[in-house]
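Descriptive analysis of the structure
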Amino acid sequence: MVHSVQTLILGAGAAGLMCAAHAGPDVLVVDHAKAPAEKIRISGGGRCNFTNMYTEPENFLSENIHFAKSALSRYTQWDFLDLVTKHGIPHHEKTLGQLFCDRSAKDIIAMLLAEMGPAKLWLQTEIAEVSHRDGAFHVTLTREGKRHAVVARNLVLATGGKSIPKMGATGLAYRLAAQFGHRVTETRPALVPLTFEGAAKAHFAALSGTSVPARVACNGTSFDEGMLFTHRGLSGPSILQISSYWTEGDTLSLHLLPETDLYETLRAQRTQAGGKALTTILADHLPKKLVQHLAEAWGLSGNLADQSDTALRALTERLSAWHVTPTSSEGYRTAEVTLGGIATEGLSSRTMESQHVSGLYVIGEAADVTGWLGGYNFQWAWSSGVAAGRAI
Ligand code: FDA
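Rules used throughout
- Residues numbered from 1 in each chain as written.
- Predicted model: local features only at pLDDT ≥ 70, side-chain atom pairs only at ≥ 80, totals over all residues.
- Heavy atoms only, no water.
- Salt bridge = Lys/Arg side-chain N within 4 Å of Asp/Glu carboxyl O.
- UniProt positions renumbered as here; feature names shortened; annotations may be inferred.
- Helix = DSSP H or I, 4+ residues; strand = E, 2+ residues; numbered from the N terminus.
- Buried < 20%, exposed > 50% of the residue type's maximum accessible area, 1.4 Å probe, protein only.
- Pairing = 2+ DSSP bridges.
- Core = buried A, V, L, I, M, F, W, Y, C linked by side-chain atoms within 4.5 Å.
- Contact = heavy atoms within 4.5 Å.

Let us now look at the pattern of salt bridges. Taken as a whole and judged by the stated rule, the model has 11 salt bridges. Note that R103 and D107 form a salt bridge whose closest N and O atoms lie 3.0 Å from each other. Residues joined by salt bridges that share partners form a network here, namely E264, R267, R270 and D309.

As structure tokens, this is what we get:
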């Protein structure tokens, strides 16, 4: 069977559905999954952190840090928020400008499907072959055991990155882009827990489930958010954030309780409660399990009154510059996103169209644009999807 369409979108995720909503009437979206936008469904603990009120180009990583500016400025977080409001989807700010659905992430999927209007959606469809000749794309698909040939003037690569293969991530967009002469940058799992070996792993495993506010720094970047000890290492928002800036061999600097002047606080407590054990006082500020661990690892003992200013200074400096070296990350199995992707030099930042093949577009996570944790990655999917859709 041969089908002719104006635009074929590969991938019914966040970017693909958003693009379909803007790409005109003669659009076919295909995906091998059973349901569209599975990552939206599970995102934000089922409530989808759909954008961030403070979105700026600075919140994105890319070989070309300027690339995302155009699309982000022409379809902003406020545009997406207007759409959410127009559809009557109740939402709230959780923290740091992160906007979540009150009810369910399914509200966002339903909204996108409604916005797609007459565009067709084929699920459980395998993409077998893609070629380009005589100004058109020829794509062979398999659906319900039948082969379908689709001829399209425009082809949009929206199949995302490599994160969470169990959810259908395949890296197909990278292979297709390379086939059309695009360079693909080195890719790495990002927004991912970090893992440790040896003594550090054993120590962190003993603290598993404990969380603490921390400023985590690496390679000149730092994030102040919660940090969580796990059976295999460290996680929590501050660690997920810094994982995008970390590579094997790099050391992280952990500043526990970055908002508290612990030295002055402990000095003040020494005058009122000097008879109490140092560890008891520390447990007023840090989780008890962590204090017990540090007491053993760092040999903390005695009452607070026994601690000189120098000793308190040394202790608090240690808590503000605790150096740890992860061995690896949990990998694509749990990474929220893929860092890197289809190199931006081959794409128009205004339309996301290929500079090599007219009518070929790359949107969403497949491109080398990766957002911070906090709704930025969906905003990139919306902005890049709209940029391509409007250009088509
Ligand atoms: P996306 O991955 O959404 O869609 C790609 C589509 O292509 C999928 O439907 C897939 O099935 C399909 N596909 C892939 N290979 C194919 C093939 N070979 N053939 C056919 N179809 C194929 N971001 C954020 O801003 N806020 C948040 O709250 C979260 N939360 C979150 C939680 C978890 C657990 C994860 C894994 C990720 C997030 N993210 C997030 C990141 C966010 O989900 C991600 O950045 C976007 O979904 C990317 O949108 P895309 O449309 O580019 O890819």
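This part covers the UniProt feature "signal peptide" (unreviewed entry) in the protein chain. In the numbering adopted here, UniProt assigns the feature "signal peptide" (unreviewed entry) to residues 1-23. The span residues 1-23 is 39% helical and 39% strand by assignment, and the distance between its end C-alpha atoms comes to 24 Å.

Non-glycine residue D134 carries a positive phi angle of around 50°. The backbone phi angle of N219 is positive, close to 50°, even though this residue is not glycine. Along the chain, N219 turns up in the loop between strand 13 (211-218) and strand 14 (221-229). For N219, a relative accessible area of 52% corresponds to the exposed category.

Now for the sheet that holds strand 16 (residues 252-256). Within the open sheet, the 7 strands sit side by side as 17-16-13-14-15-12-18. Their pairing is antiparallel. Whereas interior strands pair on both sides, the edge strands pair on one side only; in this sheet they are strand 17 (322-324) and strand 18 (328-329). Sheet topology note: the strand 13/strand 16 ladder contains 4 bridges and is antiparallel. Considered in strand 16, the bridge of V216 is made with L254.

The next point concerns the nonpolar core. Counting residues in each nonpolar core, the largest one holds 77 residues, and the members touching the most others are L8, I40, F50, F80, I108 and W382. Element by element, the count of residues in this core is highest for helix 13 (residues 376-391), at 8 residues. The contact partners of I108, leaving out residues within four places of it in the chain, are I40, C48, F50, F80, V84, I89, C101 and W382. Counting residues in each nonpolar core, the second largest holds 47 residues, with Y263, L286, W298 and V324 among its members.

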